[in-house]
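Overview (structure and organization)
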Amino acid sequence: MKRTPSVILGLCSYTHDSSAALLVDGELVGFVEEERLSEQKHTKLYPARAVGWLLDQAKLSAGDVDTVAYNFQPVRYLAESPDALRMALSPMTRDRSLARAHGFAKVALRTRRRLRVLGSQFPSAHVTPILHHRAHQLTAFAASGWEQAAVLVVDSLGERQTTTIAHGHGVQRPRVQTLEAINDPASLGYVYGAVTEHLGWRRGDEEGTVMALAALGDPARFRYLFTTAVRTTATGFCIHPAYFPTRTLTSGYPRTSRRFVAETCPERHPSEPLTDVHRDLAAALQERTEQVMVHLARRARVITGSRRLCVGGGVATNCVSIGKIIEAGIFDELFVPPAPGDAGTAIGAALAVHVDTRTPRPVTGIARRCYLGPSYEDQPLDLTPWPGLHQKTLGIETAEFLADQLARGVIAGLFQGGVEAGPRALGNRSILASPLEPGVVERLNATVKFREPFRPFAPMVPAERAAEFFTLGQPAPYMSMASGVTDLTRERVPAIVHANDTSRLQTVTRSQNPFMHAVLTAFGRRTGIPVLINTSLNVKGKPICGTPEMALDCLANTGLDALFLEGRWITK
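Residues numbered from 1 in each chain as written. Predicted model: local features only at pLDDT ≥ 70, side-chain atom pairs only at ≥ 80, totals over all residues. Heavy atoms only, no water.

1. Comments concerning the overall build of the protein chain
Heads up, the rule is: Working definition: helices are DSSP H or I runs of at least four residues, strands are E runs of at least two. Numbering for both runs from the N terminus. Residue exposure (1.4 Å probe, protein chains only): buried if accessible area is under 20% of the type maximum, exposed if over 50%, otherwise partly exposed. Whether two residues touch is decided by their heavy atoms; if any such pair falls within 4.5 Å, the residues are in contact. In this tally, Asp and Glu contribute negative charge and Lys and Arg positive charge; neither His nor the terminal groups of the chain are included. Note on charges: their place is set at NZ of Lys, CZ of Arg, CG of Asp or CD of Glu.
Secondary structure summary: the protein chain contains 18 helices and 21 strands in total. Referenced to the eigenvectors of the C-alpha coordinate spread, the extents of the protein chain come out at roughly 70 × 65 × 45 Å. Looking at the protein chain residue by residue over its 572 residues, the buried ones come to 60%. A separation of at least 24 residues holds for 71% of the contacts in the protein chain among residues at least 6 apart in sequence. If the 63 positive side-chain charges of the protein chain are averaged to one point and the 54 negative ones to another, these points end up 6 Å apart.

2. Quick look at the nonpolar core
Heads up, the rule is: Residues belong to a common nonpolar core when they are buried Ala, Val, Leu, Ile, Met, Phe, Trp, Tyr or Cys residues joined through side-chain atoms within 4.5 Å.
By size, the foremost hydrophobic cluster in this structure holds 123 residues, and its most contacted members are Phe 226, Phe 244 and Leu 309. The element best represented in this core is helix α11 (residues 276–304), accounting for eleven residues. Contacts of Phe 244, omitting those with residues within four sequence positions, involve Tyr 190, Val 191, Ala 194, Val 195, Phe 226, Ala 229, Ile 239, Arg 255, Thr 256 and Phe 260. In this structure, Trp 146, Ala 149, Ala 339 and Tyr 371 belong to the second largest nonpolar core, which totals 40 residues.

3. Some details on the packing of helix α6 (residues 132–144) against helix α13 (residues 345–356)
Rules: Fitted lines through C-alpha atoms serve as axes, helices being fitted only where they are in contact, and the angles separating the N-to-C directions of these axes extend from 0 to 180 degrees. Just so you know how the angles are binned, under 35 degrees is roughly parallel, over 145 roughly antiparallel, 65 to 115 roughly perpendicular, and the rest oblique. Throughout, the ten residues Ala, Val, Leu, Ile, Met, Phe, Trp, Tyr, Cys and Pro are labelled nonpolar, Asp, Glu, Lys and Arg are labelled charged, and all others, Gly among them, are labelled polar.
Close contact between α6 and α13 brings their axes to 7 Å; oriented N to C, the two are set at 90°. Comparing their axes, α13 and α6 come out roughly perpendicular. In contact with His 132, Arg 134, Ala 135, His 136, Leu 138, Thr 139 and Ala 142 of α6, α13 contributes Thr 345, Ile 347, Gly 348, Ala 349, Leu 351, Ala 352, Val 355 and Asp 356. Residue composition of the contact of α6 with α13, grouped by class: eight nonpolar, five polar and two charged.

4. Some details on the state of the cysteines
Counted only if it meets this: What counts as a disulfide here is a pair of cysteine sulfur atoms lying within 2.5 Å.
Scanning the model with the defined rule gives zero disulfides in all. Summary of cysteine pairing: Cys 310 is not part of a disulfide, and the nearest cysteine sulfur, belonging to Cys 370, is at 16 Å. The class of Cys 310 is buried, set by a relative accessible area of 0%.

5. Here we look at helix α14 (residues 398–407)
Basically, it comes down to this: The arc in question is traced by the directions running from the helix axis to the C-beta atoms.
Listed as buried for α14 are Thr 398, Ala 399, Leu 402, Ala 403, Gln 405 and Leu 406. Buried residues along α14 cover an arc of 160° about the axis, so they all sit on one side. Contacts made by the buried residues of α14 are with β14 (412–415), β15 (429–433), α17 (514–527), β19 (532–536), β20 (562–565) and β21 (568–571). Backbone geometry just downstream of α14 places Gly 409 in the positive-phi region, at approximately 100°.

6. A short note on the packing of aromatic side chains
Test applied: Put simply, two rings from Phe, Tyr or Trp (the six-membered ring, in Trp's case) pair if the centres are within 6.5 Å, and we call them stacked under 30 degrees between planes, edge-to-face over 60, tilted for the rest.
Per the stated rule, a full pass over the model turns up twelve aromatic pairs. When the centroid spacing of 6.4 Å and the interplanar angle of 75° are considered together, the rings of Trp 201 and Phe 454 count as edge-to-face. Taken together, the residues Trp 201 in the loop between α7 (188–198) and α8 (207–214) and Phe 454 in the loop between α15 (440–449) and β16 (458–462) connect sequence positions 253 residues apart. Phe 454 carries the same exposure label as Trp 201, and that label is buried. Their ring planes at 80° and their centres at 6.5 Å tell us that Phe 226 and Phe 260 sit as a pair that is edge-to-face. Residue Phe 226 is found in helix α9 (residues 223–229), and its partner Phe 260 is found in helix α10 (residues 258–263); the two are separated by 34 residues along the sequence. Like Phe 226, the residue Phe 260 is buried in the burial classification. What links up through ring pairs into an aromatic cluster is the set Tyr 70, Phe 72, Tyr 77 and Phe 104.

Encoded structure:
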């Protein structure tokens, strides 16, 4: 009789945002993105450091791993090649049909080779490829902790799929059933990435910059173009190849057409100044993205009948679109997991293997958890490599001390507990600042984060006081939702309100993060406003600091005033 696997290693590797998750007897030991340990943002390398940490946490070796769950299925890519060849029948897609067929076949073979490489590193393990969107679905649904919900996944590409609507059931043994799927070349993530690149930013990294820029533009200028290029249908949407030529998975093929350039603007070089045409293009792209996401959410409501929605995939990081779905009132509550992008599929892939074995062991350690990576508590700290830094150990009232420093206008890094899962700093690897300090946004962008001056900063607030400042009307624990603001916020805390009159907030409960909740409460006692600016502990182009060394480098080389590192106060 075949033994039920009890040690399952989930991997995202060789594409981008490498990560690893480990399930032992159904319990999540941990999850971490490799970039937090290697300092290489969006790395696609095998997550050796992440795997090493996980096995060490569980006191296991590579030989103890029963199954390696990988977040792509190579055979699914091969299925696209015949359809790609049929594109030769249309003059709109004829010029790319052969390249597309070849590209998908090549990726299928490459993925199959990668599975063999993974198998060679774990001598006792069976390597199981998992459908990419299923991994996304399971990550989003299991993290919600709900008994049942609709699940909407929207990304750039997973094998052939770009959008899926599923129904999730079960807390102890989460399962998802895909009800509808949209395949490439209809891809919202592809379009957003193409325009991001056209505007001079890195595709797959800086889409958030375009979302921020959109608030400064007028969508009316290019509204008709995007309505034509991204057309909604009864069950989803489709992309017009005259504006966004079909994907090939082969380099050298532009993602925008000559017609798109002629009707918008030339491609912007990163060094060129931003003009109104760039702002308007971003605004129209963002508006259409929001419209399509709301349309898909309505479809999910109709075909699942559920009053709750989980959203995953890269496009789920578009917090303004998420806010629009909530605002539309389609669902009673919406949930986005802390790691909705590809990195999080390491968790979903491991979950898929676990539930497919029909083991009676329940899944634990995933629902409503976000601090899943390494922590460095009680470790000695050597500041020799940073001679300009000085430290002192704080007493027991550390939350009061930090709140007092922030109220005095100090901009402080915060490094405590386990590394957050996902792209947002959630109070363990954060930069904190008082939103009441004059010029704080300008100072943060110019001297600490080294990023564009129009980029907004997110607020964090105790969950029990969120309604005083924000109109969202539901929890936002992972900083994944844009919310409207109240008159009190506009009057007292304008620094956290973006040009579109929203804020991407994080609500903090005492159970989720006791220390951060205490800091917010103490800051509120001092200032009357229990709201802090929270941005990630990193600078533009670098990953969030996962190790003390990364955090100390960030302090030494930026305009940060100080760093709170596991009970120590470090200054320059």
